[in-house]
Every structure is written in C-alpha cells, then in structure tokens.
Amino acid sequence: MVEPVAGLVSVLTPTRNRAYILPRLYESLRAQTYPAFEWLVLDDGSTDGTRELVGGWAAEGRVDIRYLPQEHRGKHAALNRGIREARGEFFVIVDSDDVLLPHALEFLVTGWRSIPENRRASFCGVAALCADPGGRIVGTPFPRDGLDSDYVEIRTRYRVQGDKTELYRTEAIRAFSLYPEYEGETFVLEGLLWNRVAAAGYRMRFFNEVVRVVEYLPDGLTAQGARKTVRSPRGARLYFEEFIRMPRRLPPRVLLYHYANYFRFSLHCGIPTGQVIAEAPSKLWLALAAVPGFLVYLRDRWAFQGDASR
C-alpha cells in the first residue's frame, strides 16, 4: 500500500463494460473546481475497449489517471484494490454511470475541514446527497445539515434512504478488513464495510448538498441487485450476520429485517437450520424472523431459478 498524499482525493470507479457511458464521468472530472485528485479506473474484466478509451484520456494528461485492470471478480474486489492503491488522503467512490457536479470534490474536502482538527481522529469522513438526472434527491435528505452521526444510526434511527456520496479518510478505512472475496461469488453488499466502521465508533459529518448525479441503468448493479445477491449468498449472509451482532440497541423492525435475511441467506448457503439456530445471537429474534425469511428464500428460488447457490 502507498502512503497517502495530504489533501489529495482518489476517485475510485469500479467499471465493467461501460465504455459507452464513461465519457460523461470523465468530462465531469475535468470540470472539477478542486484540482488535487487522481482517478483510479478499476476495470473488472471489461471486453469493450475500456482499456483503450482510458489510455487515450491518460495520454491527454488533463486528469491524473491510473488504470487498474483485473479478471472479473466483482465491484467489491475492485474496491479492495482501489482502497489499497489509492494515493489520496481521502477517497470517493463514483460509479461509472455517475456524474460529479463541478463543486463536488471541493465541497466534500471543505466539509471535512469543517470538523475541528482536534476531533478528526474520531471521524472517518463526510457525506453529501445525490440527485437523479431530473434533479430530484435520491432517497431522503439527512435530518439536518452538518449532522454528526454514523451510517448505522443514519439508516436505522433517522431512516435515511438512498444512495449518498461519501468522502472517506483513506487510512481510517484501510485499518479495517476490506470486503471478503469468496471463490465463485462476484457481489458483496457495499454497506458491509461502512457498518464495520460505524460499529468501531467512527463518526461522519452529513451535509444536505447535492454533489453527484446518479442514473440507474439496466446493466447496473442497482437494477440487478436481488439477482446478484442471491448468486453470492456467502457475502450476503456475512453482511446480515455482522449487523445482528452489532453491540448496539437497534429498532425492532431493523432487527426483524436483518434476522430474516440472515436466515434467508443461510438457507441459500446450504447451512443446516440447527447450525443457524445455534449460531444466532438471539434465538427469540431468529424464531420471529424465520417464517418471513423462509418465504423470501422460496420467492428467490422461484424468481431466480438456477441462480441460487445450493
């Protein structure tokens, strides 16, 4: 791993066969008002000319670009490499079908600098909002501008929904185990890492400023989310298992949802029910969640015949 450069932002873009849409992101990076950034294009096995396209941009020299290819192993594996190789003090994950508004990086870095210096060690980053191409906020805004919280509290207590844009402190995130890479699986829920960071006590500062435009295309992970998750059940099970083991008080509706999915993906993994019961942190919550979890499992098997692991 490289030593981070103070003030530098690493923009991490996992991509697979998105040469047709990447130029929009490239142009938005060229328009950034904050010049101290690098762009890591994390190519997850593209076969559509992405290498040549990015190579041409790198030769132009208008953006500091590093092209990091890998065999197809999934977005999470690409992010693992990007986080390890990022030179920036901070990093931002920007998907290939997204566009950063011109002030995005400047706003996020300024937001970080709004945190008093003597408190920054307990913070892992800042977050802002996304909008769709029509200008509508994706999901819901944060309860108030400049709120200090963490992603578990934001999602459970405040019920904030939808994609957001985060600037993370690289060294803080590197201190954690990154995404697991299971043989034969190409998807892990991205929130797994952010939940680990929150469980460790790191805070974030949340701003109600739109800095990124997101578009959910038919070939994107969002559109394929349920199928991708069922095809990669070990990663999904780990996500829900770690969540229900968090040492914090969680709302009943949240516990029921996560226990149901823990049971659901344990079934997809082929784990015996007796073992699932024995390993569950709360037998009561598992009992309450088992029926809905089993019903969703059956729905998966019907909807994605041939996809679910046995």
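Predicted model, so just to flag it, every value in this text is computed and none were measured.

Calculation rules
- Residues numbered from 1 in each chain as written.
- Predicted model: local features only at pLDDT ≥ 70, side-chain atom pairs only at ≥ 80, totals over all residues.
- Heavy atoms only, no water.
- Phe/Tyr/Trp six-rings, centres within 6.5 Å; stacked < 30°, edge-to-face > 60°.
- Helix = DSSP H or I, 4+ residues; strand = E, 2+ residues; numbered from the N terminus.
- Lys NZ or Arg CZ within 6 Å of the ring centre and 35° of its normal.
- Axes fitted to C-alpha atoms, helices over the stretch in contact; angles between N-to-C directions.
- Parallel < 35°, antiparallel > 145°, perpendicular 65-115°, else oblique.
- Left-handed = near helix turned anticlockwise from the far one by under 90°.
- Contact = heavy atoms within 4.5 Å.
- Nonpolar A, V, L, I, M, F, W, Y, C, P; charged D, E, K, R; others polar.
- Buried < 20%, exposed > 50% of the residue type's maximum accessible area, 1.4 Å probe, protein only.
- Arc of directions from axis to C-beta.
- Core = buried A, V, L, I, M, F, W, Y, C linked by side-chain atoms within 4.5 Å.

Participant: Tell me what's going on with the packing of aromatic side chains, and back it up with residues and numbers.
Facilitator: One pass over the full model with this rule turns up 14 aromatic pairs. A centroid spacing of 5.6 Å and a plane angle of 35 degrees characterise the contact between Phe 91 and Tyr 168, whose relative ring orientation is tilted. Here the residue Phe 91 occupies a position in strand β4 (residues 88-93), and Tyr 168 occupies one in strand β8 (residues 164-169), the gap between them amounting to 77 residues. The structure contains a cluster of three or more aromatic residues connected by ring pairs, namely Tyr 239, Phe 240, Tyr 257 and Phe 265. Of note, Lys 164 hangs over the ring of Phe 142, and the distance from its end group to the ring centre comes to 5.6 Å.

Participant: Summarise the packing of helix α10 (residues 252-268) against helix α12 (residues 283-303); cite the residues concerned and give the values.
Facilitator: Put simply, α10 and α12 touch, their axes get as near as 7 Å, and they point 50 degrees apart. One element, α10, and the other, α12, form an angle in the oblique class. For the pair α10 and α12, the sense of crossing is right-handed. Contacts between α10 and α12 involve Pro 252, Leu 255, Leu 256, Tyr 259, Ala 260, Tyr 262, Phe 263, Arg 264, Leu 267 and His 268 from the former and Trp 285, Leu 286, Leu 288, Ala 289, Ala 290, Gly 293, Phe 294, Val 296, Tyr 297, Arg 299, Asp 300 and Arg 301 from the latter. Its residues assigned to classes, the contact of α10 with α12 shows 16 nonpolar, two polar and four charged.

Participant: I'd like a description of helix α2 (residues 50-60), backed by residues and values.
Facilitator: Regarding α2, the residues found buried are Thr 50, Val 54 and Trp 57. Buried residues of α2, viewed axially, fall in a sector of 55 degrees; they line one side. Those residues of α2 that are exposed and angled more than 90 degrees off the buried face are Glu 52 and Ala 59. Those residues of α2 hidden inside the fold are in contact with β1 (5-15), α1 (22-30), β2 (37-44) and β3 (65-70). Among the residues trailing α2, Gly 61 stands out with phi positive, at a value near 75 degrees.

Participant: I'd love a proper account of the nonpolar core, names of residues and values included.
Facilitator: Counting 56 residues, the largest nonpolar core has Phe 91, Tyr 168, Ile 173, Leu 193 and Trp 194 as its most contacted members. Not counting the four nearest positions on each side in its chain, Tyr 168 is found in contact with Glu 89, Phe 90, Phe 91, Cys 124, Gly 125, Tyr 151, Ile 173, Trp 194 and Met 204. Grouped together as the second largest cluster of nonpolar side chains are 30 residues, Val 11, Tyr 34, Val 41 and Val 211 included.

Read these as geometric descriptors, not functional statements.
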